[in-house]
Amino acid sequence: MKRIGVLTSGGDAPGMNAAVRAVVRKGIYHGLEVYGIYHGYQGLMEGKIKKMDVGSVGDIIQRGGTILQTARSEEFKTPEGQKKAIQRLEEFGIEGLVVIGGDGSFRGAQKLSHQGIKTIGIPGTIDNDIAFTDFTIGFDTAINTVIQAIDKIRDTATSHERTFVIEVMGRDAGDIALWAGLAGGAESIIIPEDPFNMDEIVDRLLKAKERGKKHSIIVIAEGVMSGVEFAKKIQALTGFETRASVLGHIQRGGSPTVFDRVLASRLGGYAVELLLEGVTGHMVGIQSNRLIHEDFDIALAQSHRVDPGMVQLAKEISL
Ligand code: ADP
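Per chain, residue numbering runs from 1 following the sequence as it is written. Under the rules for a predicted model, residues below a pLDDT of 70 receive no local features and side-chain atom pairs below 80 are neither given nor counted, while totals for whole chains, interfaces and linings still include all residues. With hydrogens and water excluded, all non-hydrogen atoms of the structure serve as input to the side-chain values.

K.L.:
What is the right way to look at the site of the ligand in this model?
P.N.:
Residues are labelled near a given molecule or strand when at least one of their non-hydrogen atoms is within 4 Å of it. Near the ligand you find 16 residues, and of these Arg 72, Ser 73, Gly 102, Ser 105 and Lys 111 are the closest. Each polar contact in these results corresponds to two N or O atoms within 3.5 Å; when the atoms are within protein, one needs to be able to donate a hydrogen and the other to accept it, and residues that are neighboring in sequence are counted only if both atoms are side-chain atoms. Within the side chain of Lys 111, one N or O atom sits 3.0 Å away from a nitrogen atom of the ligand. Contact with the protein chains covers 82% of the free accessible surface of the ligand, which is 550 Å². For the purposes of this entry, the term helix denotes a DSSP run of H or I that reaches at least four residues, the term strand denotes a run of E that reaches at least two, and both are numbered from the N terminus. Top element by residues in the shell around the ligand is helix α4 (residues 103–114). It accounts for 6 residues. Under the grouping applied here, Gly and all other residues not named as nonpolar or charged are polar, the nonpolar ones being Ala, Val, Leu, Ile, Met, Phe, Trp, Tyr, Cys and Pro and the charged ones Asp, Glu, Lys and Arg. Taken together, the residues of the shell around the ligand break down into 2 nonpolar, 9 polar and 5 charged. Note that accessible areas follow from Shrake-Rupley with a 1.4 Å probe, and for residues the cover is restricted to the protein chains shown.

What follows is the structure in structure tokens.
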């Protein structure tokens, strides 16, 4: 293998740049030519491809977002779109492709791999919703952003003796809500994977008030219900003044944490090693601090599960 390509796809996540940097530098270290593909699969089909050198990924490890830009492409989901992409790779002589993204991006890489293109996927998504890896790139930064917001909201909640509902990202996945809720001392954490009981939540709030608690914080994942709607229900059922705060896209941005930079660097380097060993159609991940790889066909057939022990712990110690 002489020439490889790297792209970022789907939702952006802090730490993607650190992964791109690692792929480029590790590739060059091993004598490969590395090409950056801009705007994900859409850019691949359109031939937005540029040779990267060591300096082209300088000064990006600390930056959020992705210098390669990202995109979503409906066309790429079609066999014709994939054919175009493969033609472009052949035109540029790119023999191996590293795809940094979420499970949708992995499905795209899986399709290419089934058609003979050597691909490796690196999990980059703030949602931490990919099976076979304990963590995805961007999750740690996102929960640190959420925790900063929760700590600030707590100050005003205490001053005004209010209940706050904080809506965080996670359409189908509750990890952001669960980790940030646990770390932020939320009274209730509501996630898509664990159906909530309104009577229990209201009872908890009333008991906390009786104990003299001055504020309450509820963290809800966006996939369950809108935070605004949930706050209205809480206010109607408890009579407590309740406010909603929707954190939104700030959760995607910002300088990646040390954890995300190191994770991204390790996974990026490992992806290149695997391509050089001839591994294809696999994702890389981290399990118990060890780098692993797993076939897309197996990995994508499973979904990431929240840790039931953490869900239970949150219920037991959040009062
Ligand atoms: P993420 O990678 O963050 O989950 P998406 O689900 O939007 O984001 O996927 C990113 C892109 O990957 C899509 O816009 C599409 O081009 C490609 N993709 C997603 N699913 C498939 C699929 N089943 N087959 C081929 N390509 C896909």
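Now that the structure has been shown, the text picks up again.
K.L.:
Please clarify how the side chain of Thr 242 should be interpreted in this entry.
P.N.:
The residue Thr 242 is located in strand β9 (residues 242–246) in this model. Residue classification places Thr 242 among the buried positions, given a relative accessible area of 7%. Here Phe 240 takes part through its backbone oxygen, which lies 2.9 Å from a polar atom of the side chain of Thr 242. With near-sequence residues (within four places) excluded, Thr 242 lies in contact with Thr 163, Val 165, Ala 231, Ile 234 and Gln 235. Categorising residues by exposure relies on relative accessible area from a 1.4 Å probe, with only protein chains included: less than 20% of the type maximum marks a residue as buried, more than 50% marks it as exposed, and the intermediate range marks it as partly exposed. Note on contacts: a residue pair qualifies if any of its non-hydrogen atoms lie within 4.5 Å across the two residues.

K.L.:
Where do I start with the sheet that holds strand β7 (residues 188–190) in this structure?
P.N.:
Whether parallel or antiparallel, the strands of a sheet pair through hydrogen bonds between backbone atoms. Across the sheet, 4 strands lie side by side as β7-β8-β6-β9; this open sheet has parallel pairing. Edge positions in the open sheet fall to β7 and β9, since each of these has one partner strand only. This sheet shows a mean twist of 20° between the axes of neighbouring strands, independent of strand direction. Think of it this way: DSSP has to see at least two bridges between two strands before they count as a pair. In this sheet, strand β8 (residues 216–221) lies alongside β7 in parallel orientation, the contact comprising 3 bridges. Paired with Ser 188 across the bridge in β8 is Ile 218. To get an axis, fit a line to the C-alpha atoms, keeping to the stretch in contact for a helix; angles then go from 0 to 180 degrees between the N-to-C directions. Packing against the sheet, helix α6 (residues 175–183) makes contact with β6 (163–168), β7 and β8, and its axis sits at approximately 170° to β7.

K.L.:
Looking at this structure, how should I read the packing of aromatic side chains?
P.N.:
The geometry of an aromatic ring pair is captured by the separation of the ring centres together with the interplanar angle, meaning the angle of the planes. In this analysis, rings of Phe, Tyr and Trp, with Trp reduced to its six-membered ring, are considered paired at centre separations within 6.5 Å, and the interplanar angle assigns stacked below 30 degrees, edge-to-face beyond 60, and tilted for intermediate values. Inspection of every chain in the model, using the stated rule, returns 8 aromatic pairs. Ring centres of Tyr 35 and Phe 92 lie 6.3 Å apart, and the angle between their planes is 65°; on these two criteria the pair is classed as edge-to-face. With a gap of 57 residues between them, Tyr 35 in strand β2 (residues 33–37) and Phe 92 in helix α3 (residues 79–92) connect regions that are remote in the sequence. Judged by relative accessible area, Tyr 35 falls into the buried class, the value being 11%. Taking 6.3 Å as the distance between ring centres and 20° as the angle between the ring planes, the aromatic pair formed by Phe 135 and Phe 139 counts as stacked. By relative accessible area, Phe 139 is classed as buried at 1%.

K.L.:
Is there a simple way to explain the packing of α6 against helix α11 (residues 308–317) in this structure?
P.N.:
The angle between the axes and the distance between the axes are what describe a pair of packed helices. Interaxial distance between α6 and α11 falls to 10 Å at its minimum, and their mutual angle equals 35°. Helix-helix and strand crossings are classified by hand; for α6 and α11 the assignment is left-handed. Counted together, Leu 178, Trp 179 and Leu 182 of α6 and Met 310, Val 311, Leu 313, Ala 314 and Ile 317 of α11 form the full contact between these two elements. Of the residues that constitute the contact of α6 with α11, the class distribution is 8 nonpolar, no polar and no charged. The crossing is said to be left-handed when, going from far helix to near helix, the turn is anticlockwise and less than a right angle, and right-handed when the turn is clockwise.

K.L.:
Looking at this structure, I do not really get the sheet that holds strand β5 (residues 118–123). What am I missing?
P.N.:
Here we have 7 strands laid out as an open sheet, ordered β3-β2-β1-β4-β5-β10-β11, and mixed in their pairing. At either end of the open sheet lies a strand with only one pairing partner, and these are β3 (49–52) and β11 (290–295). If you compare each strand with its neighbour and ignore which way they point, the axes differ by 30° on average. Of the pairings in the sheet, the one linking β5 to strand β10 (residues 282–287) comprises 2 bridges and is parallel in character. Considered in β10, the bridge of Ile 120 is made with His 282. Packed onto the sheet, helix α9 (residues 258–277) meets β1 (3–8), β4 (96–101), β5, β10 and β11 and runs at close to 165° relative to β5.

K.L.:
Got a minute to help me understand the side chain of Gln 110 in this structure?
P.N.:
Note that Gln 110 resides in helix α4. Discounting chain neighbours no more than four positions away, the residues touching Gln 110 are Phe 296, Asp 297 and Leu 300.

K.L.:
Explain the nonpolar core here, please?
P.N.:
Across soluble globular proteins, nonpolar side chains have a tendency to be buried as a group. Formed by 61 residues in total, the largest nonpolar core has its most connected members in Val 6, Val 98, Ile 100, Ile 122, Ile 150, Val 168 and Ile 176. Among the elements that take part in this core, helix α5 (residues 139–160) stands out by supplying 9 residues, more than any other. If sequence neighbours within four positions are ignored, Val 98 has contacts with Gly 5, Val 6, Leu 7, Val 23, Ile 120, Ile 122, Ala 271 and Leu 275. What we call a nonpolar core is a set of buried Ala, Val, Leu, Ile, Met, Phe, Trp, Tyr and Cys residues that are connected through their side-chain atoms within 4.5 Å. Counting residues in each nonpolar core, the second largest holds 23 residues, with Leu 44, Met 45, Ile 94 and Leu 300 among its members.

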